[in-house]
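One-letter residues, chain by chain:
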Amino acid sequence: MSADETEESEQDRTPSDRVDVCVVGAGPAGGLVAHRLADRGHDVVVLEAGPRFDPADRLERMERAIRPIHGDDEVWEMSGPRDEFTTPGELFYPLNVARVKGVGGSTLHWQGMVMRLHESDFERRSRDGVADDWPIAYGDLRPYYAEAESALGVAGASDNPFAPPREEPHPLPAFEPSHSDSLFAEACERVGVTTHAVPNARNSEPYDDRSACVGYGTCKPVCPSGAKYTAESHVEKAEEAGARVLDRVPVQRLEHDSAGERVEAAVYATSDGEEHRQEARAFALACGGVENPRLLLLSESEQYPDGLANSSGLVGRHFMEHLFAGMGGTLERRTRQNHVGFITSESHQFYDDPGAGAEGTESSVPPSDDDLGPLKLEFLNYAGPSPVETALSAETWGDDLLPQLREGYGNHVAMGALVGQLPRAENRITLDPETTDDHGNPVPAIYWRIDDRTKRTLARANEIQRTILESLGVDIEWTVGPDNTGPAYHHMGTTRMGTDPESSVVDPQLRTHDLSNLWIPSSSAFVTSGAMNPTLTIAALALRVADDLDSRL
Ligand SMILES: Cc1cc2nc3c(=O)[nH]c(=O)nc-3n(C[C@H](O)[C@H](O)[C@H](O)COP(=O)(O)OP(=O)(O)OC[C@H]3O[C@@H](n4cnc5c(N)ncnc54)[C@H](O)[C@@H]3O)c2cc1C
Ligand code: SF4
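How each quantity is defined
Residues numbered from 1 in each chain as written. Chains lettered and ligands numbered in written order. Predicted model: local features only at pLDDT ≥ 70, side-chain atom pairs only at ≥ 80, totals over all residues. Heavy atoms only, no water. Helix = DSSP H or I, 4+ residues; strand = E, 2+ residues; numbered from the N terminus. Rg over C-alpha atoms; globule rule 2.2 N^0.38 Å. Buried < 20%, exposed > 50% of the residue type's maximum accessible area, 1.4 Å probe, protein only. Contact = heavy atoms within 4.5 Å. Areas by Shrake-Rupley, 256 points an atom, 1.4 Å probe, with all protein chains shown as cover. Pairing = 2+ DSSP bridges. Axes fitted to C-alpha atoms, helices over the stretch in contact; angles between N-to-C directions. Near = heavy atom within 4 Å. Nonpolar A, V, L, I, M, F, W, Y, C, P; charged D, E, K, R; others polar. Polar contact = N/O pair within 3.5 Å; in protein donor to acceptor, adjacent residues only side chain to side chain. Left-handed = near helix turned anticlockwise from the far one by under 90°. Core = buried A, V, L, I, M, F, W, Y, C linked by side-chain atoms within 4.5 Å.

> What exactly am I supposed to notice about the overall build of the chain here?
Counting its secondary structure elements, the chain contains 11 helices and 17 strands. Taking 24 Å as the expected radius of gyration for a compact globule of 553 residues, we find that the chain reaches 23 Å, a close match to that expectation. Overall, the C-alpha framework of the chain stretches about 70 × 55 × 45 Å when taken along its three principal axes. When each of the 553 residues of the chain is scored for burial, the buried share is 58%. Contacts in the chain between residues at least 24 apart in sequence constitute 75% of all its contacts with a sequence separation of at least 6. With the model as given, the accessible surface of the chain reaches about 21200 Å², and the carbon-plus-sulfur share is 45%.

Okay, structure coming up:
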């Protein structure tokens with residue numbers, strides 16, 4: 001099975017006459033912008049590089065995901081010349097498992113955890129003296145966060161004492177805590193840590209014409225039931241509202257007018273080797289945190305030899321990720337892992353004050369004087385091998401397999417944490433002059449390393465995790481910390497937001513300083529990363545961009 005088999009080759013991929021808005025990219029950012037603007041009566045075209053995956057294939061894709069013979073990048077067909085990249089920086093960056101190209105974008109693959117940033121995230125410089133403040137505050141995004149939660153269909157509870165202020169309950173009730181959450185809750189109480197529900201963009205009951213979660217447990221990388229939100233919903237809604245969506249049309253470059261003040265057209269390629277120009281009054285660049293800067297850099301011209309919207313020289317710079325810290329092992333109790341494919345409990349207690357100690361009923365988390373960034377703790381539901389994975393990679397069958405399954409399953413438990421990385425200009429996406437993609441364009445080169453503050457925060461996350469796991473009586477068998485950490489697949493910071501055109505790429509409305517009709521709804525506009533998964537903030541920013549565009553068209 002491949003997306004090619006589902007190709008509607010007869011689809012007309014020639015450009016529309018000049019439209020109101022051309023949206024580039026059909027992930028959550030592009031989908032939400034397109035839907036809101038089409039719904040308000042604007043003429044919208046969406047150009048998406050990847051295919052439209054057939055929903056009827058989801059069960060087969062799930063099977064592909066759980067069979068060990070297939071790599072993580074195969075489920076959504078991320079590989080080959082189209083997706084070449086290089087990582088000449090200090091750390092390898094696994095780009096092709098960190099994104100998906102297709103209608104729905106990376107939400108086809110995502111986990112679906114959706115929390116709001118904290119007020120503190122917008123004020124890192126004022127509060128901690130590091131990085132920069134955002135040019136907008138939590139209050140500016142607050143109404144859009146609520147709209148984004150309704151749009152995505154977030155299941156959540158109001159039990160998080162550390163969450164920023166909100167106006168009403170989440171649209172859907174939270175998922176029940178898992179069995180191991182209850183074990184963790186006891187241990188956390190003993191060491192003074194409060195646990196609470198996770199807001200999830202998956203249906204705890206039917207919502208928005210999609211079914212409730214039926215517990216396949218393969219949410220990442222594919223939910224066959226449709227209970228997990230993917231941006232396919234908003235792309236379809238945009239089409240129902242009159243938008244035109246073209247898949248398999250990678251945009252090669254944006255072209256500006258002779259004055260260099262406005263974007264005139266998005267030039268895209270079709271599989272027959274042709275190039276076409278889609279003209280529009282306004283453009284929304286929604287290709288994600290890596291391809292947004294790449295496309296701007298590819299759009300260099302005589303007038304803009306360093307790339308479009310790049311008078312600051314900052315396009316591609318300040319690339320940020322969330323880093324993973326984790327710890328796990330075994331316990332002499334049944335932990336029932338892998339029954340639930342997503343996370344149901346977290347603790348944000350150490351988010352605003354990561355060095356704070358905690359006093360419990362029997363023990364405590366020691367305080368720390370280190371200079372630290374935000375961190376959040378996650379209680380995993382998929383520690384240790386799942387019986388299905390073990391069976392599929394075993395060399396025995398039937399009764400001979402049973403002892404192996406019984407021995408490997410039942411008593412694993414683990415915690416995770418996300419840590420925000422500081423924005424540093426040297427971490428960046430550039431064009432690799434040596435390697436080209438299937439259209440002859442230089443591929444993204446990723447320069448990435450981790451600063452000492454982030455490493456200290458990872459060590460702090462490990463310290464808290466160890467305290468909790470020891471209180472639970474876990475025999476700790478593995479740790480992911482400062483020296484072996486990895487990315488959470490959240491691309492941020494590469495077209496940063498600000499009021500000063502010399503130190504930012506887009507203004508507080510996410511319109512580029514240099515071109516008056518180009519908006520960039522994306523985590524590429526984030527000034528700092530926080531430590532919360534980014535997509536709810538991306539969705540809130542996208543809805544705000546749509547309102548801004550609507551008022552100007
Ligand atoms: C494994 C995994 C788990 C994740 N889990 C979570 C989570 O739990 N919570 C969370 O908040 N986030 C999570 N994320 C991140 C989340 O998926 C992204 O933040 C989100 O999808 C970004 O949305 P976007 O619309 O900006 O970009 P994308 O979703 O990346 O969409 C961009 C689209 O643009 C298209 N495009 C790119 N270049 C071009 C071009 N030149 N021309 C035309 N189209 C182009 C791409 O094909 C793609 O479809 C996860 C990501 C991964 C990979
Ligand atoms: S557990 Fe729920 S959200 Fe995850 S794959 Fe299954 S049905 Fe989808």
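> Sorry, what's going on with the sheet that holds strand S16 (residues 475-480) here?
Strand order in the open sheet formed by 6 strands is S3-S9-S12-S13-S8-S16, with antiparallel pairing between adjacent strands. Single-partner strands in this sheet number two, and they are strand S3 (196-197) and S16. As paired strands, S3 and strand S9 (residues 345-347) are joined by 2 bridges and run antiparallel to one another. Across the sheet, His-196 pairs through a bridge with Glu-346, a residue of S9. Sheet strands in contact with helix H5 (residues 179-191) are S9, strand S12 (375-379) and strand S13 (412-420), and its direction is about 70 degrees off that of S13. Along the sheet, helix H10 (residues 452-472) makes contact with strand S8 (322-330), S12, S13 and S16, crossing S8 at roughly 25 degrees.

> What am I meant to see in the pairing of strand S7 (residues 275-285) here?
Across a regular strand the side chains alternate sides, sitting on one face of the sheet and then on the other. Of the strand pairs in this sheet, strand S1 (residues 19-24) and S7 are connected by 5 bridges, and their pairing is parallel. The residue of S7 that forms the bridge with Val-24 is Leu-285. For strand S6 (residues 263-269) and S7, the ladder comprises 5 bridges, and the chain directions are antiparallel. Bridging from a neighbouring strand, Ala-265 pairs with Glu-279 of S7.

> Looking at this model, I keep getting lost on helix H7 (residues 288-298). Mind explaining?
The α-helix advances 3.6 residues per turn, and as a result positions three or four apart in sequence lie on the same side. Counted residue by residue, H7 has 10 buried out of 11 residues, so it is predominantly covered. Those residues of H7 not exposed but buried are Gly-289, Val-290, Glu-291, Asn-292, Pro-293, Arg-294, Leu-295, Leu-296, Leu-297 and Leu-298. Lining the buried residues of H7 we find S1, strand S5 (251-256), S7, strand S14 (428-436), strand S15 (442-447) and strand S17 (518-519).

> Before we go on, may I ask you to explain the environment of Leu-372 in this structure?
Counting through the fold element by element, Leu-372 comes out in the loop between strand S11 (364-365) and S12. Distance from Leu-372 to Val-45, taken between C-alpha atoms, is 44 Å for residues 327 residues apart in sequence. Once residues within four sequence positions are removed from consideration, Leu-372 is found in contact with Asp-128, Pro-354, Gly-355, Arg-453, Arg-456, Thr-457 and Arg-460.

> Teacher, can you tell me more about the pairing of S6 here?
For S6, the buried fraction is high: 6 of the 7 residues fall into the buried class. Relative to S6, S5 runs antiparallel, the two sharing 5 bridges. Across the sheet, His-256 pairs through a bridge with Val-263, a residue of S6. Where S5 folds back onto S6 in an antiparallel hairpin, the turn is made up of 6 residues, including Gly-260, whose phi is positive at roughly 70 degrees.

> Sorry if this is basic, but what is going on with the site of ligand 2 here?
Every residue near ligand 2 is listed here: Arg-202, Cys-213, Val-214, Gly-215, Tyr-216, Gly-217, Thr-218, Cys-219, Cys-223, Ser-225, Lys-228 and Phe-342. Broken down by class, the residue content of the shell around ligand 2 amounts to 6 nonpolar, 4 polar and 2 charged.

> What exactly am I supposed to notice about the site of ligand 1 here?
The environment of ligand 1 is formed by 36 residues, the closest being Glu-48, Ser-106, Met-113, Val-251 and Thr-535. Contact distances for ligand 1 include 3.1 Å between a nitrogen atom and a backbone N or O atom of Gln-111. Elements that contribute at least two residues to the shell around ligand 1 include exactly helix H1 (28-39), H7 and helix H11 (535-552). Within the shell around ligand 1, the residues separate by chemical class into 18 nonpolar, 13 polar and 5 charged.

> When you look at the packing of H1 against H11 in this model, what are you seeing that I'm missing?
Helix-helix packing: each pair is described by the crossing angle between the helix axes and the interaxial distance. Viewed as axis vectors pointing N to C, H1 and H11 meet at an angle of 35 degrees, and their least axial separation amounts to 8 Å. The hand of the H1/H11 crossing is right-handed. Residue-level contacts link Pro-28, Ala-29, Leu-32, Val-33, Arg-36 and Leu-37 of H1 to Thr-535, Ile-538, Ala-539, Ala-542, Leu-543, Ala-546, Asp-547, Leu-549 and Asp-550 of H11. Across the contact of H1 with H11, the residue classes tally to 11 nonpolar, 1 polar and 3 charged.

> How should the nonpolar core be read in this particular structure?
Soluble globular proteins: nonpolar side chains tend toward being buried together. Of all hydrophobic cores here, the largest spans 92 residues; its most connected members are Val-44, Leu-47, Leu-152, Leu-296 and Met-497. Sorting elements by how many residues they give to this core places H11 first, with 10 residues. Aside from chain neighbours lying at most four places away, what touches Met-497 is Trp-134, Pro-135, Ile-136, Ser-504, Val-506, Asp-507, Pro-508, Leu-510, Ala-525, Val-527 and Leu-541. In this structure, Leu-183, Val-191, Val-290 and Phe-379 belong to the second largest nonpolar core, which totals 37 residues.

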